[in-house]
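Topology and contacts: notes
Below are the chains, spelled out letter by letter.
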Amino acid sequence: MRTAYSVETVRAAERDLMARLPEGALMQRAASGLAAACADLLGRVYGSRVVLLVGSGDNGGDALYAGARLARRGAGVTAVLLSPERAHTGGLAALRRAGGTVSGTGGAEELIARADLVVDGIVGIGGKGGLRAEAVPLAEAAARARAAVVAVDLPSGVDADSGQVNGAAVRADLTVTFGTHKPGLLVDPAREYAGSVRLVGIGLELAAEAELEALQHTDVAALLPLPGAESDKYRRGVVGIAAGSARYPGAAVLAVAGALRGGAGAVRYVGPAAEAVIARFPETLVSDRGPRSAGRVQAWVVGPGVGDDAATVAEVLTADVPVLVDADGLRLAEPAAVRGRAAPTLMTPHAGEAAALLGVAREEVEAARLTSARELAERYGAAVLLKGSTTLVAGPGGGAVRVNATGTSWLATAGSGDVLSGLAGSLLAAGLRAVDAGSVAAYLHGLAGRFAADGAPVGAHDVAEAIAAAWRDVRD
Ligand SMILES: NC(=O)C1=CN([C@@H]2O[C@H](COP(=O)(O)OP(=O)(O)OC[C@H]3O[C@@H](n4cnc5c(N)ncnc54)[C@H](O)[C@@H]3O)[C@@H](O)[C@H]2O)[C@@H](O)CC1
Ligand SMILES: [K+]
């Protein structure tokens, strides 16, 4: 599991550790890891041109010490000081001793244009707000230049805790982060600015709960429901799908397509699209008598393509088994009916649907995805899966939010959400907790999207078909 901790937790762990170590030891660990990453990226250090963008805090100190290490290996290193009188004294002295040079911001853009590597040490976890005005032209010059850009700890200008980006920020090819990932490195929009992320251990002991957790292959493999020798279809769980309408039969077919690949032993479909569902998936149990009379299920999925059928949504919400609410269901569900449920609820909005539920503009949700997911989970007393390039899953009782990074922009295709709902509902029926069902489904779905797309456009049914390959890949 990859985890990310808040700045407050990182600071506390750093204080504990610093009290036990000689002065400056931690910064040397950071600088050594940073210099190694820069050297890897450069390939040949000797003779390369390196520009350090140095702010007024310890983030700049890391850059200066790493620059000194590169200068000792024969790189031509120039430090551009944004606040010359406040630059890290020890770091500056080390750089000078190693033969590095120092420049003000005048002329920095030309230096950047000629550089092989730009190291962004403007600001790290001590940053407040977006980049200050004097740093903006440097960030822009770095973005234009052919140089590789390495961010120290975080791309300067992004918010470490929330992943929000206010105004301009540095766009890095690689971020070298210390001690632990920071939430902003895993959540969009900030994640996009970080490039690939390399974690350098500096010995921090993080006792507190993580802000974010990102499942990896082994975590997902451990959560997948596997049939045992005693399993029959009922023990493996039956998932009920209340989806589709005369107008949108396809949503029903796609939700069933996802559900069939999610580990439940059987899929029961309830609604007006039974003919279309059976034609495509003859193994589905179908009923047109409404959710309550359809027979026992261990979890429901309600909403995809139901149009204005509020009665079905209300009926499903009274069930005493886990319910996944998606798409039209999110609009039609009475908030009080969701909050009043005793069994778990999993809501799966995209940013637009989440915005409607929160009563804010879509852009607000996109800019503050982590806060939005948490807020919705709290308001509804439900697990909330907020879809997007970095899908988030927040639990109703707070705690670490799951973040999924397997997604691909090819998944932004009609019907892809219906497949995800069916898949997650199937995992709920197989007995996974709501947060696990949501995050495992997002993981498999993202991977399936990658496999299906392989660099070309895909339809949602292709994604459903690739879920089995994703499942096998995870178990390998
Ligand atoms: N504390 C530690 O033990 C360690 C810290 N390390 C580094 O130290 C960093 C934190 O250092 P600091 O606490 O000094 O904080 P930073 O260096 O992140 O930033 C604080 C400084 O930047 C200025 N600043 C704040 N917001 C700004 C903005 N938007 N634009 C421009 N300047 C801004 C502040 O006036 C302050 O001088 C970490 O991100 C990491 O890079 C590493 O050396 C590892 C060890
Ligand atoms: K930085």
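Residues numbered from 1 in each chain as written. Chains lettered and ligands numbered in written order. Predicted model: local features only at pLDDT ≥ 70, side-chain atom pairs only at ≥ 80, totals over all residues.

1. As for the domain arrangement of the protein
Looking at the assigned domains, one finds that the protein contains domain 1 (2-211) and domain 2 (217-475). Spacing between the C-alpha centres of domain 1 and domain 2 amounts to 40 Å. Listed as interface residues are 12 residues of domain 1 and, on the opposing side, 14 residues of domain 2. By residue class, the composition of the side of domain 1 that touches domain 2 is 5 nonpolar, 3 polar and 4 charged. (Domains from an automatic or database assignment. Contact = placed C-beta atoms within 7 Å. Nonpolar A, V, L, I, M, F, W, Y, C, P; charged D, E, K, R; others polar.)

2. A look at the UniProt feature "binding site: AMP" (unreviewed entry) in the protein
The positions UniProt marks with the feature "binding site: AMP" (unreviewed entry) are Lys-387, Gly-388, Ser-389, Thr-390, Thr-391 and Gly-417. Sequence-wise these annotated residues cover 31 residues; spatially they are packed, their C-alpha atoms never more than 14.3 Å apart. Relative to the helices and strands, Lys-387 resides in the loop between strand S16 (383-386) and strand S17 (391-394). Under the C-beta neighbour-count criterion, Lys-387 is labelled buried, with 24 such atoms within 10 Å. Setting aside anything within four residues of it in sequence, one finds Lys-387 in contact with Thr-348, Pro-349, His-350 and Gly-417. Mapped onto the elements of the fold, Thr-390 is located in the loop between S16 and S17. Apart from residues no more than four positions distant in its own chain, Thr-390 is found in contact with Leu-186, Val-187, Asp-188, Arg-191, Val-403, Asn-404 and Ala-405. (UniProt positions renumbered as here; feature names shortened; annotations may be inferred. Helix = DSSP H or I, 4+ residues; strand = E, 2+ residues; numbered from the N terminus. Buried ≥ 20, exposed ≤ 12 C-beta atoms within 10 Å, placed from the backbone.)

3. Some points on the packing of helix H9 (residues 249-260) against helix H19 (residues 460-475)
Between H9 and H19, the least distance of the axes is 8 Å, while the angle of their chain directions is 15°. The orientation of H9 with respect to H19, classified from their angle, is roughly parallel. With respect to the hand of their crossing, H9 and H19 are arranged in left-handed fashion. Here Leu-254, Ala-257 and Gly-258 of H9 come into contact with H19, specifically with Ala-460, His-461 and Ala-464. Partitioning the contact of H9 with H19 into residue classes produces 4 nonpolar, 2 polar and no charged. (Axes fitted to C-alpha atoms, helices over the stretch in contact; angles between N-to-C directions. Parallel < 35°, antiparallel > 145°, perpendicular 65-115°, else oblique. Left-handed = near helix turned anticlockwise from the far one by under 90°.)

4. Brief notes about helix H18 (residues 434-453)
The α-helix advances 3.6 residues per turn, and as a result positions three or four apart in sequence lie on the same side. With 20 residues, H18 should reach 28 Å at 1.5 Å per residue; the first-to-last C-alpha distance of 28 Å fits that figure. Counting buried residues in H18 gives 18 out of 20 residues, a clear majority hidden from the surface. Downstream of H18 by a residue or two, Asp-454 has a phi angle that is positive, lying close to 45°. (Expected span 1.5 Å × (residues − 1).)

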